[in-house]
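If you want the building blocks of each chain, they are given just below.
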Amino acid sequence: MELLPLLDAQNAEPLYSQLYRHIRGEIEAGRLRAGSRLPSVRKLAAHLGISRTPVEDAYQQLLAEGYAESKPRSGITVGAYEPDFGRTSPRAVTDLARKERDIVPQSACYHPPTASIDSALSVHAGERSDPIDFSYGDVDLSHFPFPLWKKLLGSCFLPEHRDLFRYGDPLGETGFREALSDYAYRARAVVCPPERIVVGAGTHHSTEQICRLLQRTTYSPGHTAFAVEQSMSDGIAAIMRQHGYTLAPLRLEPDGIRIEDLYDSGARIVYTTPSHQFPHGMVMSIGKRRRLLNWAADVGGLIVEDDYDGEFRYAGLPIPSLQGLDAAANCVAYMGTFSRALAPAFRLSYAALPPALADAARAALHPFDRLASPLHQKTLELFMTGGHMQRHIRKMRSVYQRKMAALLAAVKRQLEPRFRVSGGSAGLHVLLEPTEGGRDEAQLIRLADEAGVRVYPASVYRIVPEPGDGTAVLLGFGGLDERQIEEGIRRLASSWIG
Ligand SMILES: Cc1ncc(COP(=O)(O)O)c(C=O)c1O
């Protein structure tokens, strides 16, 4: 038997957790190899002289995080753990990346792709000369299942899949919408039949579609106000404005938007990011979700829920989507994207629509709405129906959780109490803000840049700028590894605090 953890029944840490940590450590250290079989629950419990329950619980946790896999006839085996460090050799910074360092960033979202891929694939930026880019929007590609994706995509290149080489259905491919309906229910408790799902080429496209469709429903005529969180994605705000909506900003509280502001706004449509407010990072409480749904019922309103990174929640109990709490299923238009859970380059998103909007979509979506490639849709459908998506999310959740933990620990050690961090319970970014006045956002960004770190302004997301804005900076960490994150915070601390 390979497993000999030192378990201490007197320890405050439960036995299952001690056992889980031990096995995880063995896997991370490479002593338990991918594919090797873990002892059965019965055998391990007998071997350790403990009951089966803690062994079962430890295995469940390892399975959930992707450290172990359960296969028919093979029992539980060690998963394909790929350490974050040492996968690729350090690479020279390209001229382009150097040039980009000299540009003061405007928004963290629209980052030139070359540098994004650089930072996602290059691993050790330990050298002072390598800029560490806390760009928002990068994801960790070192865990992307490239060979599997290639195989699934390859399986589309067969004569019987000739249809995938056409423009496709403006609503999205039927099989993909069926798979989405199932996935959204399992992953985010979204309850929506495939007939009410519309595929888009990213959330921005889905938002654009919803803005257009709204004008064909009773929500919109005569109601051109879109109530929105006081800070929000600048791209999504621009799309709403282009469609003639005026934005009514709602103040943010620690548990989400101020519902009183929503009633006062007179709007009948509201856009919100309840699972992880963008950019501030708060999670809307269950109580407030219910009040928001009550508002929609009271005024006959529509809630547009943008769940851009809801898969990645690290603290507390998982909170289902608002859409899933809407028992009547008629007042939430839910938008999900694969830009965070997979990678932005697939340009795939979906909207789960209430009946009125779904009818409008069937009647009014245009051939130009066929922006999401049927080939990518099919590949992702196969990825989802093969059970790979859930596994990938589980793995990425634990990868990002470790990165977030590294970031929060480094901030605590090196920047607190002079700086405060917010938004650390979910997603792939946080905000950092000085606790005392003195430095504004522009100064913080410039000092960081001089120290070889790129951080981004948060004030650009404010709908109506106010005096006193502009003190927080946004740090995305999805494309950085733990060493880069720690080194980046160390550089920030020596530059900002000295
Ligand atoms: C609030 C918000 N929603 C959605 C997205 C994802 O957009 P897309 O799906 O177009 O990549 C982002 C990322 O920039 C975002 O900040």
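Residues numbered from 1 in each chain as written. Predicted model: local features only at pLDDT ≥ 70, side-chain atom pairs only at ≥ 80, totals over all residues. Heavy atoms only, no water.

- Looking at an unreviewed UniProt entry, one finds the chain named PLP-dependent aminotransferase family protein and attributed to Paenibacillus hemerocallicola.
- Quoted verbatim from the Cofactor (unreviewed entry) field of UniProt, the annotation for the chain is "pyridoxal 5'-phosphate".
- The record held by UniProt for the chain lists under Sequence similarities (unreviewed entry) the comment "In the C-terminal section; belongs to the class-I pyridoxal-phosphate-dependent aminotransferase family." (UniProt positions renumbered as here; feature names shortened; annotations may be inferred.)

Examining the confidence of the model for the chain
Then comes step 1: Here the chain averages 86 in pLDDT, while 88% of its residues score no lower than 70.
Then comes step 2: Note on residues 84-105: pLDDT under 50 across the span, and 43 contacts to partners over four residues away in sequence or across chains.
Then comes step 3: Per-residue pLDDT stays below 50 along residues 110-128; that stretch engages in 52 contacts with residues further than four places along the chain or on separate chains. (pLDDT = per-residue confidence, 0-100. Contact = heavy atoms within 4.5 Å.)

Brief notes about the side chain of Asp133
Then comes step 1: Assignment of secondary structure puts Asp133 in strand 3 (residues 132-133).
Then comes step 2: On the basis of relative accessibility, which here comes to 7%, the residue Asp133 falls in the buried class.
Then comes step 3: A polar side-chain atom of Asp133 sits 2.7 Å from a polar atom in the side chain of Tyr456. (Helix = DSSP H or I, 4+ residues; strand = E, 2+ residues; numbered from the N terminus. Buried < 20%, exposed > 50% of the residue type's maximum accessible area, 1.4 Å probe, protein only. Polar contact = N/O pair within 3.5 Å; in protein donor to acceptor, adjacent residues only side chain to side chain.)

Re the site of the ligand
Then comes step 1: In the vicinity of the ligand lie 15 residues, with Thr203, His204, Asp306, Thr337 and Ser339 positioned nearest.
Then comes step 2: The contact in question runs from an oxygen atom of the ligand to an N or O atom on the side chain of Tyr136, over 3.2 Å.
Then comes step 3: Contacts to the ligand include Ser339, whose side-chain N or O atom sits 2.6 Å from an oxygen atom.
Then comes step 4: Across the shell around the ligand, the residue classes break down as 6 nonpolar, 6 polar and 3 charged. (Near = heavy atom within 4 Å. Nonpolar A, V, L, I, M, F, W, Y, C, P; charged D, E, K, R; others polar.)

Side note on the environment of Ala296
Then comes step 1: With respect to the secondary-structure elements, Ala296 resides in helix 11 (residues 286-299).
Then comes step 2: The exposure class assigned to Ala296 is buried, which follows from its relative accessible area of 3%.
Then comes step 3: Put simply, Ala296 and Arg268 are 28 residues apart on the chain and 7.7 Å apart in space, counted from C-alpha to C-alpha.
Then comes step 4: For Ala296, the residues in contact, after removing those within four places along its chain, are Gly301, Ile303 and Cys331.

Overview of the sheet that holds strand 12 (residues 349-352)
Then comes step 1: Judged by pairing direction, the sheet is mixed, and its 7 strands sit side by side in the order 4-12-11-10-9-5-6 without closing on themselves. If you trace the sheet from one side to the other, it starts and ends with strand 4 (197-200) and strand 6 (246-250), each paired once. The mean angle between the axes of side-by-side strands here comes to 20°, regardless of whether they run parallel or antiparallel.
Then comes step 2: In terms of strand pairing, strand 9 (residues 269-272) meets strand 10 (residues 302-307) through 4 bridges, oriented parallel. Each bridged residue has a counterpart across the sheet, and for Tyr271 the counterpart in strand 10 is Val304. (Pairing = 2+ DSSP bridges. Axes fitted to C-alpha atoms, helices over the stretch in contact; angles between N-to-C directions.)

Some points on the pairing of strand 10
Then comes step 1: Taking burial as the measure, the 6 residues of strand 10 include 6 buried ones, the bulk of the element.
Then comes step 2: Residues Leu302, Val304 and Asp306 of strand 10 are buried on one face, and the alternating residues Ile303, Glu305 and Asp307, pointing to the opposite face, are buried as well.
Then comes step 3: In this fold, strand 9 hands off to helix 11, which returns the chain to strand 10; that crossover is right-handed. (Right-handed = clockwise from strand over helix to strand, strands pointing away.)

Thoughts on unusual backbone geometry
Then comes step 1: Along the chain, Phe278 connects to Pro279 via a cis peptide bond; the corresponding omega equals 5°.
Then comes step 2: Positionally, Pro279 belongs in the loop between strand 9 and helix 11.
Then comes step 3: Geometrically, the link from Glu416 to Pro417 is a cis peptide bond, its omega value of 5° lying close to zero.
Then comes step 4: Mapping Pro417 onto the fold places it in the loop between helix 15 (388-414) and strand 13 (419-422).
Then comes step 5: At Ala189, a position not held by glycine, the phi torsion is positive, near 60°.
Then comes step 6: Position of Ala189 among the secondary structure elements: in the loop between helix 7 (174-188) and strand 4.

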